[in-house]
Amino acid sequence: MSSSAQKYDVFQAIADPTRREVLKLLAHKELPISEITSHFPMSRTAIAKHLHILSEANLVSGQKVGREKRYSLQPESFQELKDWLSYYDQFWNNKLSILKHMVENDNEDV
């Protein structure tokens, strides 16, 4: 597979802070690239590259509406992230429960 045909995964796509901000914007409503670009101190071309990576990861989709392309969030693609993070939720819940138990038992000794 050539580098120009690279398919990005969800984790690569969200690794960049600009792309995470784009996702936040699109969480509220469908937007054209011009409106997305107005929120960032970078060129339309740079935002287009970020949108391309998000599209490759299936986190956003673009649809032609008249002369512009409007981008929208694809929330079902976030399931992979949710599944991965749920393990760590469980991990920290267990650790915090153990800590709570230790603190409460230590207070009984005082």
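As a convention, each chain's residues are numbered from 1 in the sequence order in which they are written. The predicted origin of the model limits local features to residues at a pLDDT of at least 70 and limits the giving and counting of side-chain atom pairs to 80 or more, whereas totals for whole chains, interfaces and linings rest on all residues. In computing side-chain values, all of the structure's heavy atoms are included and hydrogens and water are not.

**Things to note about the overall build of the chain**
Right, so step 1: Runs of H or I in DSSP of at least four residues are treated as helices and runs of E of at least two as strands, each being numbered from the N terminus. Helix and strand counts for the chain come out as five helices and three strands.
Right, so step 2: The helix and strand sequence of the chain, counted from the amino end, reads α-α-β-α-α-β-β-α.
Right, so step 3: Its C-alpha atoms give the chain a radius of gyration of 20 Å, more than 25% over the compact-globule value 13 Å for 110 residues.
Right, so step 4: The principal-axis extents of the C-alpha atoms in the chain amount to approximately 70 × 35 × 25 Å.
Right, so step 5: We call a residue buried when its accessible area falls under 20% of the maximum for its residue type, exposed when it is over 50%, and partly exposed in between, using a 1.4 Å probe and counting protein chains only. By the burial criterion, 25% of the 110 residues in the chain qualify as buried.
Right, so step 6: Two residues form a contact once any of their heavy atoms are found within 4.5 Å. If you take every contact in the chain between residues at least 6 apart in sequence, the share linking residues at least 24 apart comes to 50%. Here the globule rule reads 2.2 Å times residues to the power 0.38, and the radius of gyration is calculated from C-alpha atoms.

**Thoughts on the packing of aromatic side chains**
Right, so step 1: We call Phe, Tyr and Trp rings a pair once their centres come within 6.5 Å, taking the six-membered ring for Trp, and we label the pair stacked below 30 degrees between planes, edge-to-face above 60, and tilted otherwise. Taken as a whole, this structure holds three aromatic pairs when the rule is applied.
Right, so step 2: A centroid spacing of 5.0 Å and a plane angle of 55 degrees characterise the contact between Trp84 and Tyr88, whose relative ring orientation is tilted. Separated by four residues within a single helix, Trp84 and Tyr88 lie in helix H5 (residues 79-109), roughly one turn from each other.
Right, so step 3: Residue class for Tyr88 comes out partly exposed when judged on its relative accessible area of 35%.
Right, so step 4: Aromatic pair Tyr87 and Tyr88: ring centres 4.8 Å apart, planes at 85 degrees, arrangement edge-to-face.
Right, so step 5: Three or more aromatic residues link up through ring pairs in this structure, and these residues are Phe11, Trp84, Tyr87 and Tyr88.

**A short note on the pairing of strand S3 (residues 68-73)**
Right, so step 1: Note: two strands are recorded as paired if DSSP finds a minimum of 2 bridges between them. Note: strand S1 (residues 31-32) against S3, two bridges, orientation antiparallel. Across the sheet, the residue bridging to Leu31 is Tyr71, located in S3.
Right, so step 2: Hairpin connection, strand S2 (residues 60-65) to S3: the antiparallel pair is bridged by two residues, and Gly66 has positive phi, about 65 degrees.

**Considering the sheet that holds S2**
Right, so step 1: Taken together, the three strands give an open sheet; going across it, the order is S1-S3-S2, and neighbouring strands pair in antiparallel fashion. Since the sheet does not close on itself, it has two edges, and those belong to S1 and S2, each with one partner.
Right, so step 2: Together, S1, S2 and S3 form the strand contacts of helix H2 (residues 17-28), whose direction differs from that of S3 by roughly 90 degrees. Note on geometry: axes are C-alpha line fits, over the in-contact stretch for helices, and angles between N-to-C directions span 0 to 180 degrees.

**Some points on a nonpolar patch on the surface**
Right, so step 1: On the surface, Trp84, Leu85, Tyr87, Tyr88, Phe91, Trp92, Leu96, Leu99 and Val103 cluster together into a nonpolar patch covering about 930 Å² of accessible area.
Right, so step 2: With respect to the helices and strands, the residue Phe91 is situated in helix H5.
Right, so step 3: We classify Phe91 as partly exposed; its relative accessible area is 31%. For patches, a residue must show more than 30% relative accessible area and have no salt bridge; joins then use 9 Å for like charges and 5 Å for nonpolar side chains, namely Val, Leu, Ile, Met, Phe, Trp and Tyr. A 1.4 Å probe and the Shrake-Rupley method give the accessible areas. Residues count as covered only by the protein chains that appear here. Here, a salt bridge means any Lys or Arg side-chain nitrogen found within 4 Å of an Asp or Glu carboxyl oxygen.

**Concerning the pairing of S2**
Right, so step 1: For S2 and S3, the ladder comprises six bridges, and the chain directions are antiparallel. Across the sheet, the residue bridging to Val60 is Leu73, located in S3.

**Points about the nonpolar core**
Right, so step 1: Ranked by internal contacts, the top residues of the largest apolar core, which has 19 residues, are Val22, Leu26, Ile36, Leu51, Leu54, Leu59 and Tyr71.
Right, so step 2: Within the residue set of this core, elements represented by two or more residues are helix H1 (10-14), H2, helix H3 (33-37) and helix H4 (44-56). Residue types Ala, Val, Leu, Ile, Met, Phe, Trp, Tyr and Cys, when buried and joined through side-chain atoms within 4.5 Å, form a set referred to as a nonpolar core.

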